[in-house]
Amino acid sequence: MANEEDDPVVQEIDVYLAKSLAEKLYLFQYPVRPASMTYDDIPHLSAKIKPKQQKVELEMAIDTLNPNYCRSKGEQIALNVDGACADESSTYSSKLMDKQTFCSSQSTSNTARYAAALYRQGELHLTPLHGILQLRPSFSYLDKADAKHREREAANEGDSSQDEAEEDVKQITVRFSRPESEQARQRRVQSYEFLQKKHAEEPWVHLHYYGLRDSRSEHERQYLLCQGSSGVENTELVKSPSEYLMMLMPPSPEEEKDKPVAPSNVLSMAQLRTLPLADQIKILMKNVKVMPFANLMSLLGPSIDSVAVLRGIQKVAMLVQGNWVVKSDILYPKDSSSPHSGVPAEVLCRGRDFVMWKFTQSRWVVRKEVAAVTKLCTEDVKDFLEHMAVVRINKGWEFILPYDGEFIKKHPDVVQRQHMLWTGIQAKLEKVYNLVKESLPKKPDGQSGPAALLSGDQRVQVAKSKAQQNHALLERELQRRKEQMRASSVLPGVRIKEEPMSEEGEEEEDGDAEGDEEPMDTSLGGSLHNRLANGLPSGRATGGDSFNGHPPPGCGSTPVARELRAFVEATFQRQFVLTLSELKRLFNLHLASLPPGHTLFSGISDRMLQDTVLAAGCKQILVPFPPQTAASPDEQKVFALWESGDMSDQHRQVLLEIFSKNYRVRRNMIQSRLTQECGEDLSKQEVDKVLKDCCVSYGGMWYLKGTVQS
């Protein structure tokens, strides 16, 4: 009481809350200007605002007649920004820097504690501030001047460049983008580039500026007064002291945000245990991928029934060496695709099932063997193996967990059920990948005991012995087919000279031919020579060898030949020029996208592929590679579509003839040769089209596609 008597109340002032300008009132601050030097009397040329961002730009005139203004510097700045020619888009139309731009930045994002007060006739009227902005001079005109300077430099360089100096073209690797996760999306949304793009999308709202002493400004200032002084509209201030204090000093929202927030793709164990048991098992297996049953039970908690867990785990995982591996369709849903090669989820699931099945047979898997069977790219196969194995140098990939014999002995019914599932998967894999049953292990599931360990050297020896056995079988089959062909094709009375198989045989045959004259019945006339050549029917003699396990090239009677030719024709209609290496890569991608059991899975040799290319109207271009080239033999075999049926066939043929004699050529040589051969001057667009179809540019020289080494 004594303190109150010492500090008596001198005056009571009524406080009113004005709302007329609550959503439109901004406070402008000029931090680079002293308070005594205001901009009130300086002409404002224009004003604009982005309401959502609370961004304001003001254009103010500069007094060019002031003695402190440097006119030569102003003219120089205007010249740098706009150039010598002034037009409507010029920043300074008077060819003099006669204005400057002020750009705003937010002083604070939380303006709930700030208000503009107006004291009049013993009453205090408060209007909440919508934003507090600080305005500083903008130097964007310097960026425009730099851009003009770069344009002039580029134009000068372009005038002095030679015609044959083409832009360097670098070989790139095309990869399919990985599907964006929720966490990656949040990072992208919060990135600086994304925010700048969003800010640029909001349009400017142009405003009219009225001076401090303008009658319109006087009228607007009246809205800072509360319109109703009766107190009916100011119920916000009819509060108890504690409530009023809470309104003046609300709790800081930062205090509520101090709790740690986990990433969007991370689920805490407390949150996990609130989900149904099936969802818990699925989430754990999808993240861990390989887990022993004992570890799964420890993560789920002691109160969970093991029978229910066994029932749930079999829906989302498969048993491999006593451990549980998540199913492929859980990791690769139906509508997804590979981020590396773009193959559909069905093909990825089939390839991953093959890897899982291989680990049921052995502790070790060789990546190249998997890639050769599944026809998938190296990155996809590596992803499969990293899910469930670790790499060992000179040995291969070893299953990541030890064999769990305890689970096998404790749950024989589950093991038997998984054995039946693996038997069905094995049958499907045999059909899809044409696996030879004799080479498959006798135990499809591999769950009855740990698999034998084979080192890399042992695998090489086994592969060599199998190759020798297969070579002997193929030799016998080749001789048998030769005998059948000889018996079916030779006419009575004609003895056919047998061609030697080696150079030594040729020398011996030549020696015998000098002493003996070969008897032949010539009564059949020329028709015999037309139908027989070297003891084979004419179609086989000209078409090539048919003893390599496929029909004669160019024969369209079989489904395999028709499908292969359709692929080759469609590919060369798009590419025009391909090396054998690139064609094989595209063919493997095509195989990976085909459904199981397709006819092309029967096996296509390199010889059959080349013969089909030649039969489809393509020609091999004998490009003279340099002696020191690093290109492989398949990369040195270049094929090109000779006739596609369009107007550029003649131009492409001339171009291909040039590259049959030159490894690399300059553009001016190509253009002059095309003009000489075609008898007319070709436009730049026509030459560009031919070059784009068949060639790439590197270091100012042009090469056929696929022949330049990166």
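Keep in mind that this is a model prediction, so the values were computed, not measured.

Cut-offs applied
Residues numbered from 1 in each chain as written. Predicted model: local features only at pLDDT ≥ 70, side-chain atom pairs only at ≥ 80, totals over all residues. Heavy atoms only, no water. Helix = DSSP H or I, 4+ residues; strand = E, 2+ residues; numbered from the N terminus. Buried < 20%, exposed > 50% of the residue type's maximum accessible area, 1.4 Å probe, protein only. Contact = heavy atoms within 4.5 Å. Salt bridge = Lys/Arg side-chain N within 4 Å of Asp/Glu carboxyl O. Pairing = 2+ DSSP bridges. Axes fitted to C-alpha atoms, helices over the stretch in contact; angles between N-to-C directions. pLDDT = per-residue confidence, 0-100. Lys, Arg positive; Asp, Glu negative; His and termini not counted. Polar contact = N/O pair within 3.5 Å; in protein donor to acceptor, adjacent residues only side chain to side chain. Phe/Tyr/Trp six-rings, centres within 6.5 Å; stacked < 30°, edge-to-face > 60°. Lys NZ or Arg CZ within 6 Å of the ring centre and 35° of its normal. Parallel < 35°, antiparallel > 145°, perpendicular 65-115°, else oblique. Left-handed = near helix turned anticlockwise from the far one by under 90°. Nonpolar A, V, L, I, M, F, W, Y, C, P; charged D, E, K, R; others polar. Expected span 1.5 Å × (residues − 1). Arc of directions from axis to C-beta.

J.: Account for the overall build of the protein, naming residues and giving values.
T.: Tallying secondary structure elements over the protein gives 28 helices and 22 strands in all. Burial analysis of the protein (710 residues in total) assigns 32% to the buried set. Across the protein, the fraction of contacts at a sequence separation of at least 24, relative to all contacts at a separation of at least 6, is 68%.

J.: Give me the pattern of salt bridges: which residues, what numbers.
T.: Taken as a whole and assessed by the stated rule, the structure comprises 21 salt bridges. Measuring nitrogen to oxygen at the nearest pair gives 3.4 Å for the salt bridge that ties D41 to R213. Within this pair, whereas D41 is found in the loop between β2 (26–29) and β3 (44–50), its partner R213 is found in the loop between β9 (205–207) and α6 (215–221), the two being separated by 172 residues in sequence. Taking the relative accessible area as the measure of exposure, D41 reaches 65% and is therefore exposed. With its nearest N and O atoms 3.1 Å apart, the salt bridge here joins D606 to K584. In this pair, D606 is assigned in helix α24 (residues 606–615) and K584 in helix α23 (residues 580–592), connecting sequence segments 22 residues apart. Note on D606: relative accessible area 33%, which makes it partly exposed. Ionic contacts of the salt-bridge type, sharing partners, join the residues D646, D649, R652, K689 and D693 into one network.

J.: Give me the sheet that holds strand β19 (residues 618–621): which residues, what numbers.
T.: Pairing within the open sheet is antiparallel, and its 3 strands lie in the order β18-β20-β19. Each edge of the open sheet is held by one strand with a lone partner, namely β18 (577–579) and β19. Each strand of the sheet is rotated relative to its neighbour by a mean of 30°, with strand direction disregarded. Here β18 runs beside strand β20 (residues 638–641); their pairing, made up of 3 bridges, is antiparallel. By the bridge assignment for β20, T579 is matched with V638.

J.: Go over the confidence of the model for the protein, please, and point to the residues and values.
T.: In regions of low pLDDT, the predicted coordinates are not meant to be interpreted in detail. Here the protein shows a mean pLDDT of 77. Residues at 70 or above account for 78%. Ignoring residues within four places in sequence, the model shows residues 160–165, a span with pLDDT below 50, making 4 contacts including any to other chains. Note that pLDDT drops below 50 for residues 438–453; the model gives that stretch 41 contacts with residues more than four away or on any other chain.

J.: Hey, could you go over the side chain of R352 for me, with residue numbers and the actual values?
T.: Looking at where R352 falls in the secondary structure, it is placed in helix α13 (residues 345–361). No salt bridge is formed by the buried R352, whose closest oppositely charged neighbour, D353, lies at an N-O distance of 5.4 Å. Among the polar contacts listed, one links the side chain of R352 to the side chain of S328, at a separation of 3.3 Å. A distance of 3.3 Å separates polar atoms of two side chains, one belonging to R352 and the other to H387. With sequence-adjacent residues up to four places away left out, R352 is seen in contact with V325, V326, K327, S328, L331, Y332, F384, H387 and M388.

J.: Give me the packing of aromatic side chains: which residues, what numbers.
T.: Inspection of the entire model under this criterion finds 13 aromatic pairs. Joined through ring pairs, the aromatic side chains of Y30, Y39 and F102 make up one cluster. Just above the ring of W204 sits the side chain of K48; from NZ or CZ to the centre is 4.8 Å. When the ring centre of W642 is taken as reference, the NZ or CZ atom of K619 above it lies at 4.1 Å.

J.: Explain the packing of helix α26 (residues 649–659) against helix α27 (residues 667–678) to me, and be specific about the residues and the numbers.
T.: Relative to each other, α26 and α27 sit at 125°, their axes nearing to 10 Å. For the element pair α26 / α27, the angle class is oblique. Two packed elements cross with a definite hand, and for α26 against α27 that hand is right-handed. The residues of α27 that touch α26, namely those facing Q650, H651, V654, L655, E657 and I658, are I670, R673, L674, E677 and C678. For the contact of α26 with α27, a count of residues per class yields 6 nonpolar, 2 polar and 3 charged.

J.: Run through helix α9 (residues 277–288), naming residues and quoting values.
T.: Helix length check: α9 (12 residues) gives 16 Å between terminal C-alpha atoms against 16 Å at 1.5 Å per residue, within 8%. Listing the buried residues of α9 in full gives Q280, I281, L284 and M285. One face of α9 carries all of its buried residues, which in axial projection span an arc of 120°. Opposite the buried face of α9, at more than 90 degrees from it, the exposed residues are A278 and N287. Within two residues after α9, K289 carries a phi angle of roughly 80°, on the positive side.

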